[in-house]
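Chain and residue survey
For reference, the chains in residue letters:
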Amino acid sequence: MDTLKGMLKAYEAWVAKNPDVVGDFETTAKWVSYFIAGRISSSNVVSELVYTMSNMLVFYNDRIIERARNAQENSVIQLQSKLCYRLKVTLTTLEYSEVFIEISARRLFGQSGKWLVIALIQAFKAAGRFFILKHSTSDIITSPPIASLNRRALGKQRKSAADEVPSSNDVLQSQHSITFQLKRSGRVIRKVEGAPPLQYRDFKLHVDNNEAVKTQIPKKLLQAEYLYISKPLIHLAAMGLFGQRSWKQYMVALSIDLYSIHLYRQHRDLMSKQQKMELSRRCINILYFLARSPFYDSFTKSRLERVLDFVATSIPIAKVVAGPLKDYIPTWQSTYFYLWST
């Protein structure tokens, strides 16, 4: 046991010192999952397992790098609630592994068992997102709830920080924060010793760059987010009523997406920077509807196959890629594009 702990600590130290090398290894693991797809029996399960494990490895390494960076900066992550943070970790882990869980459930329990597992997963995710939205400083729920670190940006920050020599005042200020955060409400409070001299006081709260202040979310934006979080459950109910390849369930899901985005855009002036970034991602994700049944079966499939056939016949080298891609696209479409998941 001690040997295992020692190996784990050595690995964490190596990851913290070599984030670029770790990133190359993670990318290689993901490409292995693409290579496996369609080449061996039960390839969709094996490739999805490899892809899931690679995502989990990235997530674990991100936490190691984040802890090392915070330790070097002598700072403490201000968490609104330990429960909310743990819930975000759980939801992120579930989001990375839910496709593998669904594929495994289908092989073990059949179609009825698969849809039962999907319903349980989506219900848990919706409940967790509602809880986070209500009890944390988050004003919008991203997908996944804990995003991957930008390794390149961190590398640039590390290089620029290495070129700068911190002054004694900066070190002293970093060691003694002039604010603290209440665990339950998330409100940032300034310490008595952090107040400036009386003649320079403006009686405004000082907020550190790394801290988020809980503000009252406008009611319209809150309704839009509640609607978006409820979308998978509403869509599952529509699929149960009208069928998996029905146009009715397709239009229900599309309408929810468009109406939620419409509510956000109506009150764009009230949105935070994080909300605007997430809204842009959701607008781009509307394009996924082109690859979802029944639209895919009626329109996209034939056109996509013609494009791949043209590429395979016109470009000799591309035939090696276009052929297997055409054969495996139906499996990808049925695995990844049957459910509107947040």
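In what follows, the accompanying structure is described. Keep in mind it's a predicted model, so treat the numbers as computed, not measured.

Details of empty space enclosed by the protein
Following the criterion strictly, the structure yields two cavities of 30 Å³ or more and no others. Put simply, the second largest cavity is a space of about 40 Å³. If you trace the second largest cavity, you find it lined by Tyr-296, Lys-301, Leu-304, Glu-305, Leu-308, Lys-326, Ile-329 and Pro-330. The class makeup of the residues in the lining of the second largest cavity is five nonpolar, no polar and three charged.

Looking at the packing of helix α7 (residues 219-242) against helix α8 (residues 247-266)
With their axes 9 Å apart at the nearest point, α7 and α8 run at an angle of 180° to one another. Relative to α8, the element α7 is oriented roughly antiparallel. Seen from α7, the contacting residues are Leu-221, Ala-224, Glu-225, Leu-227, Tyr-228, Lys-231, Ile-234, His-235, Ala-238, Met-239 and Phe-242; seen from α8, they are Lys-248, Gln-249, Val-252, Ala-253, Ile-256, Asp-257, Tyr-259, Ser-260, Leu-263 and Tyr-264. Considered class by class, the residues forming the contact of α7 with α8 number 14 nonpolar, three polar and four charged.

Considering the nonpolar core
Of all hydrophobic cores here, the largest spans 21 residues; its most connected members are Tyr-264 and Phe-289. When contributions to this core are tallied by element, the ones reaching two or more residues are α4 (82-135), α7 and α8. The element best represented in this core is α8, accounting for six residues. Val-15, Val-22, Ile-64 and Ile-65 belong to the second largest nonpolar core, which has five residues in total.

Some remarks on the packing of α8 against helix α9 (residues 273-285)
Interhelical geometry of α8 versus α9 gives an angle of 145° and a closest axis separation of 11 Å. Of the two elements, α8 crosses α9, and the hand of that crossing is left-handed. Between α8 and α9, the residues in contact are Ile-261, Tyr-264 and Arg-265 and Gln-275, Leu-279, Arg-282 and Cys-283, respectively. Broken down by class, the residue content of the contact of α8 with α9 amounts to four nonpolar, one polar and two charged.

Focus: the pattern of salt bridges
Inspection of the entire model under this criterion finds 11 salt bridges. For Glu-95, the salt bridge is made with Arg-129, and the minimal N-O distance between the two is 2.9 Å. As far as burial versus exposure is concerned, Glu-95 and Arg-129 are alike and both buried. The shortest N-O distance in the salt bridge between Glu-225 and Arg-282 comes to 3.0 Å. Of this pair, Glu-225 sits in helix α7 while Arg-282 sits in helix α9, placing them 57 residues apart in sequence. A network of salt bridges, in which partner residues are shared, links Glu-95, Glu-98, Lys-125 and Arg-129.

Let's talk about the packing of aromatic side chains
Under the counting rule described, the total for this entry stands at nine aromatic pairs. Ring centres of Tyr-250 and Phe-289 lie 5.7 Å apart, and the angle between their planes is 85°; on these two criteria the pair is classed as edge-to-face. Taken together, the residues span a long stretch of sequence, with Tyr-250 in helix α8 and Phe-289 in the loop between α9 and α10 (295-314) at a distance of 39 residues. Comparing Tyr-250 with Phe-289 shows no difference in burial state: the two are buried. Judged by centre distance (6.3 Å) and plane angle (10°), the ring pair of Tyr-250 and Phe-295 falls under stacked. Of this pair, Tyr-250 sits in helix α8 while Phe-295 sits in helix α10; the two residues are 45 residues apart in sequence, bridging distant segments of the chain. Here Tyr-250 falls in the buried class, since its relative accessible area comes to 4%. Assessed through its relative accessible area of 22%, Phe-295 is described here as partly exposed. Cluster of aromatic residues (ring-pair linked, three or more members): Trp-247, Tyr-250, Phe-289, Phe-295 and Phe-299. When the ring centre of Phe-289 is taken as reference, the NZ or CZ atom of Arg-292 above it lies at 5.3 Å.

Some points on the environment of Leu-222
Topologically, Leu-222 is positioned in helix α7. Given a relative accessible area of 22%, Leu-222 falls into the partly exposed group. When the C-alpha atoms of Leu-222 and Leu-263 are compared, they prove to be 9.6 Å apart, with 41 residues separating the residues in sequence. In contact with Leu-222, not counting residues within four places along its chain, are Leu-133 and Ile-217.

Rules used in this analysis
Residues numbered from 1 in each chain as written. Predicted model: local features only at pLDDT ≥ 70, side-chain atom pairs only at ≥ 80, totals over all residues. Heavy atoms only, no water. 1 Å grid on protein atoms, 1.4 Å probe; cavity = no way out; pocket = protein on both sides within 12 Å on 5 of 7 lines; lining within 4 Å. Points joined across faces, edges and corners; volume = space filled by probe spheres on them. Nonpolar A, V, L, I, M, F, W, Y, C, P; charged D, E, K, R; others polar. Axes fitted to C-alpha atoms, helices over the stretch in contact; angles between N-to-C directions. Helix = DSSP H or I, 4+ residues; strand = E, 2+ residues; numbered from the N terminus. Parallel < 35°, antiparallel > 145°, perpendicular 65-115°, else oblique. Contact = heavy atoms within 4.5 Å. Core = buried A, V, L, I, M, F, W, Y, C linked by side-chain atoms within 4.5 Å. Buried < 20%, exposed > 50% of the residue type's maximum accessible area, 1.4 Å probe, protein only. Left-handed = near helix turned anticlockwise from the far one by under 90°. Salt bridge = Lys/Arg side-chain N within 4 Å of Asp/Glu carboxyl O. Phe/Tyr/Trp six-rings, centres within 6.5 Å; stacked < 30°, edge-to-face > 60°. Lys NZ or Arg CZ within 6 Å of the ring centre and 35° of its normal.

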